[in-house]
Amino acid sequence: MWSRRFTLLAVSASCIGSSSGAEVASNQNPVRKVVTMLQSMQKKVEEEGEKEKDLYGRFMCYCKSGTGDLSASISAAQEKIPQVTSAIEAA
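Position numbers for residues start from 1 in each chain and track the written sequence from start to end. At least 70 in pLDDT is required for a residue's local features to be given in this predicted model, at least 80 for side-chain atom pairs to be given and counted, and no such filter applies to totals for whole chains, interfaces and linings, which use all residues. Each side-chain value is derived from all of the structure's non-hydrogen atoms; neither hydrogens nor water enter the calculation.

Asks: I tried to follow the overall build of the protein chain on my own but got confused; where do I start?
Replies: We count a stretch as a helix when DSSP gives it H or I for four or more residues in a row; a strand needs E for two or more, and each element gets its number in order from the N terminus. For the protein chain, the count of helices and strands is two helices and zero strands. When burial is assessed residue by residue, the protein chain has 9% of its 91 residues classed as buried. Burial here depends on accessible area, computed with a 1.4 Å probe over protein chains only, as a share of the maximum for the residue type. Under 20% is buried, over 50% is exposed, and the range in between is partly exposed.

Listed below in structure tokens is the structure:
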């Protein structure tokens, strides 16, 4: 996450003239514009980090519980194979 922030800061420093999407008054000095842009980028990166953290937590929960569910499904299917085979042969 720190490397992402650093990358965003480096890109924003090289693109001083571009707008960050936030309305910035044209009478502000250039340093204040850059600081404001960096602050908005920092906020956006932190929000994305929180979303990624939540998604990762959900994925890990699925990985822990999903193994048991898949194992149960596989064993049920393997128990069903002889029944289906005999039904097909009888037909």
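Picking up where we left off.
Asks: Would you mind going over helix α2 (residues 30-90) with me for this structure?
Replies: The α-helix winds at 3.6 residues per turn, so residues separated by three or four positions along the chain end up facing the same way. Here α2 is 61 residues long and its end C-alpha atoms lie 84 Å apart, about the 90 Å a rise of 1.5 Å per residue gives. Buried within α2 are the following residues: Val34, Met37, Met41, Val45, Gly49 and Gly66. One fewer than the residue count of a helix, multiplied by 1.5 Å, yields its expected span.

Asks: What is the right way to read the pattern of salt bridges from this model?
Replies: When the charged atoms of two side chains lie near each other, side chains of opposite charge can form a pair. Every case where a carboxyl oxygen of Asp or Glu lies within 4 Å of a side-chain nitrogen of Lys or Arg is listed as a salt bridge. All told, the structure shown has one salt bridge when counted by the stated rule. Residue Arg58 is joined to Asp54 by a salt bridge in which the shortest nitrogen-to-oxygen separation is 3.3 Å. Of this pair, Arg58 and Asp54 both sit in helix α2, separated by four residues, roughly a single helical turn. Asp54 gets classed as partly exposed once you look at its relative accessible area, which sits at 40%.

Asks: How should I be thinking about a nonpolar patch on the surface in this particular structure?
Replies: A contiguous nonpolar surface patch, about 450 Å² in accessible area, is contributed by Phe59, Tyr62, Leu70 and Ile74. Secondary-structure assignment places Ile74 in helix α2. Nonpolar side chains (Val, Leu, Ile, Met, Phe, Trp, Tyr) are joined into patches within 5 Å and like charges within 9 Å, using only residues with over 30% relative accessible area and no salt bridge. Computed by Shrake-Rupley with a 1.4 Å probe, the accessible areas treat only the displayed protein chains as cover when residues are assessed.

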